Amino acid sequence: MKSVCVIGLGYIGLPTASLFANAGFKVKGVDAKEHVVEMVNSGRNHIQEVGLRTMVEAAISSGQLSASLEPACSDAFIIAVPTPFGPNKEPDLSHVFAAARKIIPLLEVGNLVVVESTVPPGTTEKVAEVIAAERPDLVADPARPVASLQVHVAHCPERVLPGRILKELVENDRVIGGLNAESTECAVDLYKRIVSGTIYSTDATTAEMVKLSENTFRDVNISLVNELAIICEKLGISVWEVIELANKHPRVKMLTPGPGVGGHCIAVDPWFIVSEFPEDSNLIKAARLRNDAMPALVVERVKKLVAGIASPVIACLGASYKGNVGDARNSPAIEIYEKLLALYGEKGEVRINDMYVDEKDLPLVSLREVIEKADLVLVLVDHFEYRALDPLEIAKKVRRKVVFDTRNTLNHERWRAAGFAVHVLGSGVRATAPKG
Ligand code: SAJ
C-alpha cells in the first residue's frame, strides 16, 4: 500500500494523516471545513497538541500530505470523523456514513476501508453493508454480499490520550478487527508502518466493544470515586486520604474524583452501549448519570460558600475538560461556569481563566483579572500553572480569602498559611489534608 486517504482532520485524523505521510505514504487529508483544509495545506495545525505543528509542517513541506474537501482514490481509506450523541444520548453516526458514502464511488478491488471513529458494536459491519449495497460490482457472490466483498473493511479504534497523542499513536498497542481474516491482516499491515506497539488481531465487533469497554471502565471507576467523595463529605472526612490509603492495597487502584467527566470520549462512549442494550446496562448508565451530576454538585457547594455576599465575585480557574490540554469539549468546568453565570452573572460577577483554551465564545480573562477582588477562587482544572500559583500573591488581590479546589490540586498547607479558608471537593468539615 502506498496511498492513504484520511477522512476527518480532527484530533485523531490530522496526527494519523501526518504520521502516514512522514512514513512515506502519499496522503490525502479530507475535512468538511474549508478553514481546516486551508490551514493544513499551509502547514499549520488547527489543533493544539504537543509536537503536532512540526509533524504537519514536515508532512506538507515534503509534499506527502495535502488536504482537500473531497476524497481521492487511494489504497486505503481511514474514517476518523466525530461520533457524538444526539438529544436522547443515542449515537449520531451521520458523519461516519456520510464519510463512507463519499469514498464508496472511489473504491477499487483490494482497497482497505478502516473505521477509526468510536462506534457502537456492529457499525463496521453496517459500513460494509452500505458499500456492498451501493457497489454490487465489488461483490463476488450476490447471495453473500458482505462476506464476498472485494474491499477490505476493518475497525481500528484509536486509544490515545489528548496531550500525548503523537507519542501514544505510535507507542500504544492497537486492536484491529476486520470483517474477515483478510481484512484484519490488510489493516494490520498498514498500521504496522506507523505503530511500534503490539497490534492485536480480532473481529470487528470485538474491536468495537474493546474500545467502548476501555472508556466505560474508566467512567465507571471515576463515578465510584465521585460517589465516595460525596459520602466522605457527609462523613466529615477526606476522600483523598481514603483513596490514598485504600490504594496501598496491592489490588486496589482507585481513580481521582473531580467536578465531572468531560471530553469527547469518556463522557460519550458509554452511551453507545447503553443505547444499544438499555435493559442490560444499569451500572454503566448509573455511572454516567453520577458523573454528569458532578457539576451541579459543585455549584451547590459554591452557593454555600458565597451565601450572604450581596454581589459575589467568583474566579473560575480552568475551562478545559482536564489539566494541561486546550480541549474544552463537554467540559464540566464550562458547565459549572455557565451555571454560576446564570445564578450570579447579574447580581455579582463570574469570571473564567484558562491559559490553554482558545474558545471564541468564552469570555476568557487573564489570571490577574480573574482573581482581582474575587470572593471565591474556584479551581476547576488541574493545570500546572494553577498548582504553581503563589497564594501569598493571590491573597493580596482577592476580596475574600476563600478557595474551593475541586481537583485537590493546590498545596493546601501553603494556601492556609497565606490565610485562605481552603475547601476541597470530597473533604468534609473535619477533613485533614492528605498525609504524605
Ligand atoms: N477524570 C477524572 N478522574 C480521573 C481521570 C479522569 O475525573 O481519575 C476526568 C478528567 O478530568 C476528564 C475526563 O475524566 O474530564 C476524561 O479524561 P481522561 O484523561 O480519563 O480521558 P480522555 O477522555 O482524555 O481520553 C480517554 C482515554 N481512555 C482511557 O484512558 C481508557 C484515551 O486513552 C482514549 O483514547 C480517549 O479517551 C478516546 O479518544 O476514546
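Criteria and thresholds
- Residues numbered from 1 in each chain as written.
- Predicted model: local features only at pLDDT ≥ 70, side-chain atom pairs only at ≥ 80, totals over all residues.
- Heavy atoms only, no water.
- Phe/Tyr/Trp six-rings, centres within 6.5 Å; stacked < 30°, edge-to-face > 60°.
- Buried < 20%, exposed > 50% of the residue type's maximum accessible area, 1.4 Å probe, protein only.
- Helix = DSSP H or I, 4+ residues; strand = E, 2+ residues; numbered from the N terminus.
- Contact = heavy atoms within 4.5 Å.
- Pairing = 2+ DSSP bridges.
- Axes fitted to C-alpha atoms, helices over the stretch in contact; angles between N-to-C directions.
- Disulfide = S-S within 2.5 Å.
- Near = heavy atom within 4 Å.
- Polar contact = N/O pair within 3.5 Å; in protein donor to acceptor, adjacent residues only side chain to side chain.
- Areas by Shrake-Rupley, 256 points an atom, 1.4 Å probe, with all protein chains shown as cover.
- Nonpolar A, V, L, I, M, F, W, Y, C, P; charged D, E, K, R; others polar.
- Domains from an automatic or database assignment.
- Buried area = accessible area lost by both parts, 1.4 Å probe.
- Salt bridge = Lys/Arg side-chain N within 4 Å of Asp/Glu carboxyl O.

Student: Can you walk me through the packing of aromatic side chains in this structure?
Tutor: According to the stated counting rule, one finds three aromatic pairs in the structure shown. Between Phe20 and Phe25, the ring centres sit 5.2 Å apart and the planes meet at 85 degrees, which makes this aromatic pair edge-to-face. Each of the two residues, Phe20 as well as Phe25, counts as buried. A centroid spacing of 5.8 Å and a plane angle of 80 degrees characterise the contact between Phe20 and Tyr191, whose relative ring orientation is edge-to-face. In this pair, Phe20 sits in helix 1 (residues 13–22) while Tyr191 sits in helix 7 (residues 181–191), placing the two residues 171 residues apart along the sequence.

Student: Explain the environment of Ala132 here, please?
Tutor: Looking at where Ala132 falls in the secondary structure, it is placed in helix 5 (residues 123–134). For Ala132, a relative accessible area of 7% translates into the label buried. For the pair Ala132 and Ser148, spaced 16 residues apart in the sequence, the C-alpha separation amounts to 8.9 Å. Beyond its immediate sequence surroundings of up to four residues, Ala132 is in contact with Val139, Pro145, Val146 and Leu149.

Student: Help me understand the sheet that holds strand 1 (residues 3–7), please; the structure alone is not making it clear to me.
Tutor: One open sheet holds the eight strands; their spatial order is 3-2-1-4-5-6-7-8, and the pairing between them is mixed. In this open sheet, the two edge strands, each paired with only one partner strand, are strand 3 (65–68) and strand 8 (199–203). The sheet shows a mean angle of 25 degrees between the axes of neighbouring strands, direction not considered. In the sheet, strand 4 (residues 76–79) pairs with strand 5 (residues 112–115) via four bridges, with the strands oriented parallel. Across the sheet, Phe77 pairs through a bridge with Val113, a residue of strand 5. Contacts from helix 8 (residues 204–235) reach strand 6 (152–155), strand 7 (174–178) and strand 8, with the element oriented near 120 degrees to strand 8.

Student: Can you help me understand the state of the cysteines in this one?
Tutor: Defined simply, a disulfide is a covalent bond joining two cysteines at their sulfur atoms. Tallied over the full model, the rule gives zero disulfides. Sulfur of Cys73: no disulfide; nearest cysteine sulfur belongs to Cys5 and is 9.2 Å away. Left unpaired, Cys156 is separated from the closest cysteine sulfur, that of Cys186, by 12 Å.

Student: Would you mind going over the site of the ligand with me for this structure?
Tutor: Near the ligand there are 21 residues, and of these Glu158, Lys211, Arg218, Thr256 and Tyr321 occur at the shortest range. At a separation of 2.7 Å, an oxygen atom of the ligand approaches a polar backbone atom of Arg159. Separating an oxygen atom of the ligand from a side-chain N or O atom of Lys211 is a distance of 2.5 Å. Relative to its unbound accessible area of 770 Å², the ligand is 90% covered by the protein chains. For the shell around the ligand, the leading source of residues is helix 8, giving five residues. Taken together, the residues that form the shell around the ligand break down as nine nonpolar, four polar and eight charged. Mapping the shell around the ligand onto the domain boundaries places at least three of its residues in each of domain 1 (3–205) and domain 2 (238–436).

Student: It is not clear to me how unusual backbone geometry should be interpreted in this structure. Could you clarify?
Tutor: Positioned with a positive phi, Lys89 is a non-glycine residue whose angle comes to about 65 degrees. Looking at where Lys89 falls in the secondary structure, it is placed in the loop between strand 4 and helix 4 (94–103). In this structure Lys89 comes out as partly exposed when scored by relative accessible area, which is 27%. Non-glycine residue Lys373 carries a positive phi angle of around 55 degrees. Within the secondary structure, Lys373 is located in the loop between helix 14 (367–371) and strand 11 (376–379).

Student: Is there a simple way to explain the domain arrangement of the protein in this structure?
Tutor: How big an interface is tends to be stated in terms of the accessible area lost upon association of its parts. Taken domain by domain, the protein comprises domain 1 (3–205) and domain 2 (238–436). Its C-alpha centre places domain 1 at a distance of 35 Å from the equivalent point of domain 2. The largest contributions to the domain 1 side of the interface with domain 2 come from Tyr11, Lys89 and Pro162, which together make up 36% of the buried area. Scanning the region where domain 1 abuts domain 2 turns up zero salt bridges. Residue composition of the side of domain 1 that touches domain 2, by class: nine nonpolar, four polar and two charged.

Student: What is the right way to look at the side chain of Thr124 in this model?
Tutor: Relative to the helices and strands, Thr124 is located in helix 5. When sequence neighbours within four positions are dropped, the list of residues in contact with Thr124 reads Val115, Val119, Val153, Ala154, His155, Ala204 and Glu208.

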